[in-house]
Amino acid sequence: MKVKVAKISFITTIVIMLYSCNAVKRVGKDDLLLTNNSVYVNDKKNNTDALNNLLYQKTNGKFPLFGIPIKLHIYNLARPNIDSILNAKYRNPDDPKTGLKNFISLKQYEAVISSKKDFNNWLKKTGEPPVIINTLKTEKSTTNLKTYYYKNGWFNADASYKIDSTGNQRAEVNYYVKTGTPYFLDSIRTRISSPVIDTLYKTLKDQSLIVKGEQFKEANLTNERDRLTTELRNSGLFHFAQDYITFEIDTIGTNKKVNTDIIIQNRIIRHEDSLEVMPFQIYTVKDVNIFTDDAFQNKDLKPTDTINYKGFNIYSYGKSKFRAKALTDAIFITKDDIFKDINRTRTYRYLSELRMFKYPNIEYVENVKDTTLTANIYLIPKKKFGLNFNTEISQSNIQTVGFAFSGGLLIRNVFRGAETLEVSGLGSIGASKDGRNVKDGFFDITEVGATIKLTIPRLFFPLNTDKVVPKFMSPSTRISASATSQRNIGLDKQSLIGVLSYNWFPNEKVTNTLDFFNVQYVKNLNTANYFGVYQNTYKSLNNIAHDYNTDPNYFNDNGDLIIPTGANAFISDVLNPSSGLNVSENDLSTVRNISQRQDRLTENNLIISSSFNYIKTKRENILDNDFSIVRFRLEFAGNILSNIAKITGAPKDQNGRYDIFGVAFSQYAKGEFDYVKYWDLGKKNVLAVRSYFGIAIPYGNSNNIPFSKSFFAGGPNDNRAWTAYNLGPGSSKSTNEFNEANFKLHFSAEQRFNLFGSLYGAFFVDAGNIWNIFDDVTDKAQTFDSLNSLKDIAVGSGFGLRYDFRFFVLRGDIGFKTYDPSYDLGNRWFKDYNFGNAVYNIGINYPF
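No experiment lies behind these values; they were computed from the predicted model shown.

1. What to know about the packing of aromatic side chains
Reasoning step 1: According to the stated counting rule, one finds 46 aromatic pairs in the structure shown.
Reasoning step 2: Clustering of aromatic rings is evident, with ring pairs tying together Tyr530, Phe531, Tyr534, Tyr538, Phe707, Phe712, Tyr725 and Phe738.
Reasoning step 3: Here the basic side chain of Arg720 rests over the ring of Phe764, its NZ or CZ set 3.9 Å away from the ring centre.
Reasoning step 4: In this structure, Arg752 is placed above the aromatic ring of Phe848, and the distance from its NZ or CZ to the ring centre is 5.3 Å.

Here it is as structure tokens:
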């Protein structure tokens, strides 16, 4: 208790010291420091971001929760007249401190002075100068507020301001807006000069963003102009631009109504000394020419190979390296079709996604004699082969040092259909910390693996899928196979994986992935070392064995159960009622759980599944901090094999399960839902929340979920107050190395803010847990039985620092166990809420 009081006192002292810093240290005697802005709209306070962003002057940034302007205090630490101070202190011959010259060289002496000046400049650059109230800027802010309301239909809006001094050279600025009565749209008329556009407009006006009866908003006019421009340029109007669309509004004598005229002019052609006005015309594409190798060295050469394929003219210098269909599938511009700007955009995107060409260029040439266009598409192929090689040195909880090597070969256009073939391999060696086998050398950990992946820029399927997934969705197929083998890592696994998956983009915001066929086979080579790997489980079993009349042959010379024979024999005796061991119900339940977990983690796995993954993001670009992301995934495994086994009458093994070559296949359904939302609070301040739900239900040929498909909790991207795999299941006091289950809930909220420069801070709260549900686990502490189980949701909170390197973010978070469900009810809050029991997380990029 004394320790907690001391910590609270320490933090309180720091806060008081920061509050007591002189914020007006660099404020002139006749100036006022801006401490607050308030906007009152019709006498009601309204400090929304939309209004605050209109103000020219904003207060100095403040540290969340405490409201301390840290950047201002850092700036105040800098000396405004640093040059004169340094000269007087270090370059004054009468100052004894210049005696430092007697011990270092003149160059070093000047370097000392320069470093002090650089540090002072760093304080200025990192900090933030005091925001001094400027009446000119305040008047501009007032004008902005008035303009904002004018553009949103309050044509009679008025704005004013008042500066209220709060003493000690500080003041607040209050803005007052009187909106008056808003104006609403009434009649909407058109004045269209070109007959072609007049006809097209009649088909487009139903989707108009300017609607009679709605309040006037200038943004709707702008958006309507953009919409019409896009639609008209996708309707054959090659020369059309948004400058041809203007609006006239009339509010005179209309009783708060707005009469709007939409004006679309004729085409204007500028000659050297005159202007020509003519109606717009619809242009069609007469020819589509594809130049497959437009490299610089070919600029003066004539193509030697010409192919006409489905209306496309394909020109090559030498024999074409691509099949004609592979090229034309990527081109959305077609012969005899009207000009559509979107076809050019889609062609650019498709060609870029192929990863076959450098900087594709599309050029439209207007034919003089008629209203037709020739589309020239210039391509420069990338090199056919690409190589990569990587090395890595690592250290972990199972190895003292490890070295990993990986490399790959990339082959483009491998079958002349713009396919990409990637062949990669990896190998690693390491020195284990325990060194179980003295016969092994120093590097006793090994892992080798290889992967081959073929990417096809279309859906590889026996049926035509163009109507279901048209090519503007950029469909692609990925076929991959991989194999890995491990030695002295866990149970020494060998794995084989084969995947056939399809990927497509219905629009710019949505990504769909269908794993049509996914086969995973995992074989455990060293199951005898189970208790050597899962030491906590072994210790628990060993302690129970000492409490009973256990056969002494089960123990080694140190009095511990022999791995694996002694441990397995003791488990067999406990679970055998006729063995004569009268163990307690609690110990019997523990040993039974140990046995079930051992069987599940040591059995070989065969998973044949199909899954669908949906992602929708509203993020416009990497700088957008006001968006949401929805992820949904659904997976089914084992159904086809189960139906085949039933139809053919295949026999079951001793556990009542169908198997293939002695390996029982898994059967389950798995669903996941993930939602992330960001709010941009301004001044590099972001609030982010995440909610996650996942469940995997075994059925048919399985009564539990394979370890690789189960859920875990904790870690730098989950509940940061617990390490990975260390939370749950439920309220159990599990000491297992890897805790996992088949049901998961997770929620996170995090406020991120800028401290100074590229350094950011964050406060966060994480909540969630994992449970067992609909499987063979019967321990009530681990299972989710009803909504009452939600009382076992763990809560962690904490803070962190992040440094933005532009291309990635280095993150450090400290998580404190706020509500720990492993304790008894009524005794779960703040039990281990201290730095000694905190979890220190290091991560790359944000947790969500």
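So that's the structure; there's more coming.
2. Examining a nonpolar patch on the surface
Reasoning step 1: Taken together, Phe632, Leu634, Phe636, Phe673, Phe693 and Tyr699 make up a surface patch of nonpolar side chains, about 490 Å² in accessible area.
Reasoning step 2: Topologically, Phe673 is positioned in strand E26 (residues 668-682).

3. Here's the deal with the side chain of Asp775
Reasoning step 1: Tracing the chain through its elements places Asp775 in the loop between strand E29 (759-771) and strand E30 (794-804).
Reasoning step 2: Summary of buried charges: Asp775 has no salt-bridge partner, and the nearest side chain of opposite charge, Arg600, is 6.7 Å away.
Reasoning step 3: Among the polar contacts listed, one links the side chain of Asp775 to the side chain of Asn772, at a separation of 2.8 Å.
Reasoning step 4: Ignoring anything within four residues of it in the chain, the contact list for Asp775 reads Pro698, Asn703, Asn704 and Asn742.

4. A word on the nonpolar core
Reasoning step 1: Ranked by size, the top nonpolar core spans 28 residues in total, and within it Ile331, Ile333, Leu351, Leu354, Phe357, Tyr364 and Ile377 carry the most contacts.
Reasoning step 2: Listing elements by their share of this core, those giving two or more residues are strand E10 (284-291), strand E12 (312-316), helix H9 (324-328), helix H10 (341-354), strand E13 (361-366) and strand E14 (372-378).
Reasoning step 3: Ignoring any residue separated from it by four or fewer positions in sequence, one finds Leu354 in contact with Ala330, Ala418, Thr420 and Pro457.

5. Observations concerning the packing of helix H4 (residues 82-90) against helix H5 (residues 106-126)
Reasoning step 1: The contact between H4 and H5 brings their axes to 11 Å, and the two run at 150 degrees. Comparing their axes, H5 and H4 come out roughly antiparallel. For the pair H4 and H5, the sense of crossing is right-handed. Along its contact with H4, which presents Ile82, Asp83, Leu86 and Tyr90, the element H5 presents Tyr109, Ile113, Lys116, Lys117 and Asn120.

6. Some words on unusual backbone geometry
Leaving glycine aside, a negative phi is the common case for residues, and trans is the common case for peptide bonds.
Reasoning step 1: For the bond running from Ile563 to Pro564, omega is 0 degrees, close enough to zero to count as cis.
Reasoning step 2: Along the chain, Pro564 turns up in the loop between helix H12 (535-546) and helix H13 (565-575).
Reasoning step 3: At the junction of Gly728 and Pro729, the peptide bond is cis and its omega measures out at -5 degrees in the coordinates.
Reasoning step 4: Position of Pro729 relative to the elements: it lies in the loop between strand E27 (685-698) and strand E28 (743-756).
Reasoning step 5: For Asp336, which is not glycine, the phi dihedral falls at a positive 70 degrees.

7. Regarding the pairing of E13
Reasoning step 1: Note: E13 against E14, six bridges, orientation antiparallel. The residue of E14 that forms the bridge with Asn361 is Tyr378.
Reasoning step 2: Hairpin connection, E13 to E14: the antiparallel pair is bridged by five residues.

8. As for the sheet that holds strand E3 (residues 158-167)
Reasoning step 1: Taken together, four strands build an open sheet; the order of strands is E2-E1-E4-E3 and the sheet is mixed. Each of the sheet's edge strands pairs with one partner strand only, and the pair in question is strand E2 (44-45) and E3.
Reasoning step 2: Sitting on the sheet, helix H6 (residues 135-151) touches strand E1 (33-41), E3 and strand E4 (170-178), and the angle it makes with E3 is about 140 degrees.

9. Overview of the sheet that holds E10
Reasoning step 1: Strand order across the open sheet formed by five strands is E11-E12-E10-E14-E13, with mixed pairing between neighbours. Sheet topology places strand E11 (305-309) and E13 at the edges, where each strand pairs with a single neighbour. Taken pair by pair, the neighbouring strands of this sheet meet at an average axis angle of 20 degrees, ignoring direction.
Reasoning step 2: Pairing between E11 and E12: five bridges, direction antiparallel. Paired with Tyr309 across the strands is Phe312, a residue of E12.
Reasoning step 3: The sheet contacts of H10 involve E13 and E14, and relative to E13 the element is tilted by about 155 degrees.

10. Quick look at the pairing of strand E7 (residues 257-264)
Reasoning step 1: Among the eight residues of E7, seven are classified as buried, and the element is accordingly described as predominantly covered.
Reasoning step 2: Pairing analysis gives seven bridges linking strand E5 (residues 184-192) to E7, with the strands arranged parallel. Residue Ile192 lies in a different strand from E7, and its bridge partner there is Ile264.
Reasoning step 3: Here strand E6 (residues 245-250) runs beside E7; their pairing, made up of six bridges, is antiparallel. Along E7, the bridge assignment pairs Glu248 with Asp261.
Reasoning step 4: Linkage of E6 to E7, two consecutive antiparallel strands, is achieved through a turn of six residues, within which Gly253 is found at a positive phi near 65 degrees.

11. Some points on the environment of Asp341
Reasoning step 1: Turning to its location among the elements, Asp341 is positioned in helix H10.
Reasoning step 2: Once the C-alpha coordinates of Asp341 and Glu231 are considered, the two residues, 110 residues apart in sequence, prove to be 9.2 Å apart.
Reasoning step 3: Not counting the four nearest positions on each side in its chain, Asp341 is found in contact with Arg233 and Asn234.

12. Describing the environment of Tyr521
Reasoning step 1: Within the element layout of this structure, Tyr521 appears in strand E21 (residues 510-524).
Reasoning step 2: For Tyr521, a relative accessible area of 25% puts it in the partly exposed group.
Reasoning step 3: Once the C-alpha coordinates of Tyr521 and Val663 are considered, the two residues, 142 residues apart in sequence, prove to be 9.2 Å apart.
Reasoning step 4: Beyond its immediate stretch of four places on either side in the chain, Tyr521 contacts Gln494, Ser495, Leu496, Asn604, Asn605, Leu606 and Val663.

13. Points about a positive patch on the surface
Reasoning step 1: A grouping of Lys25, Arg79, Lys89 and Lys116 is seen on the molecular surface, where their side chains present a positively charged patch.
Reasoning step 2: Along the chain, Lys25 falls in the loop between helix H1 (2-20) and E1.

14. Focus: the packing of H12 against H13
Reasoning step 1: Between H12 and H13, whose axes approach to 11 Å, the crossing angle comes to 60 degrees. Taken together, the axis directions place H12 and H13 in an arrangement best described as oblique. Of the two possible hands of crossing, H12 and H13 adopt the one that is left-handed. Residues Leu541, Ile544 and Ala545 of H12 form the contact with H13, whose own contacting residues are Ala567, Phe570 and Ile571.
Reasoning step 2: Taken together, the residues of the contact of H12 with H13 break down into six nonpolar, no polar and no charged.

The rules behind the values
Residues numbered from 1 in each chain as written. Predicted model: local features only at pLDDT ≥ 70, side-chain atom pairs only at ≥ 80, totals over all residues. Heavy atoms only, no water. Phe/Tyr/Trp six-rings, centres within 6.5 Å; stacked < 30°, edge-to-face > 60°. Lys NZ or Arg CZ within 6 Å of the ring centre and 35° of its normal. Patch = residues over 30% accessible without salt bridge, like charges linked within 9 Å, V, L, I, M, F, W, Y side chains within 5 Å. Areas by Shrake-Rupley, 256 points an atom, 1.4 Å probe, with all protein chains shown as cover. Salt bridge = Lys/Arg side-chain N within 4 Å of Asp/Glu carboxyl O. Helix = DSSP H or I, 4+ residues; strand = E, 2+ residues; numbered from the N terminus. Buried < 20%, exposed > 50% of the residue type's maximum accessible area, 1.4 Å probe, protein only. Lys, Arg positive; Asp, Glu negative; His and termini not counted. Polar contact = N/O pair within 3.5 Å; in protein donor to acceptor, adjacent residues only side chain to side chain. Contact = heavy atoms within 4.5 Å. Core = buried A, V, L, I, M, F, W, Y, C linked by side-chain atoms within 4.5 Å. Axes fitted to C-alpha atoms, helices over the stretch in contact; angles between N-to-C directions. Parallel < 35°, antiparallel > 145°, perpendicular 65-115°, else oblique. Left-handed = near helix turned anticlockwise from the far one by under 90°. Pairing = 2+ DSSP bridges. Charge placed at Lys NZ, Arg CZ, Asp CG, Glu CD. Nonpolar A, V, L, I, M, F, W, Y, C, P; charged D, E, K, R; others polar.

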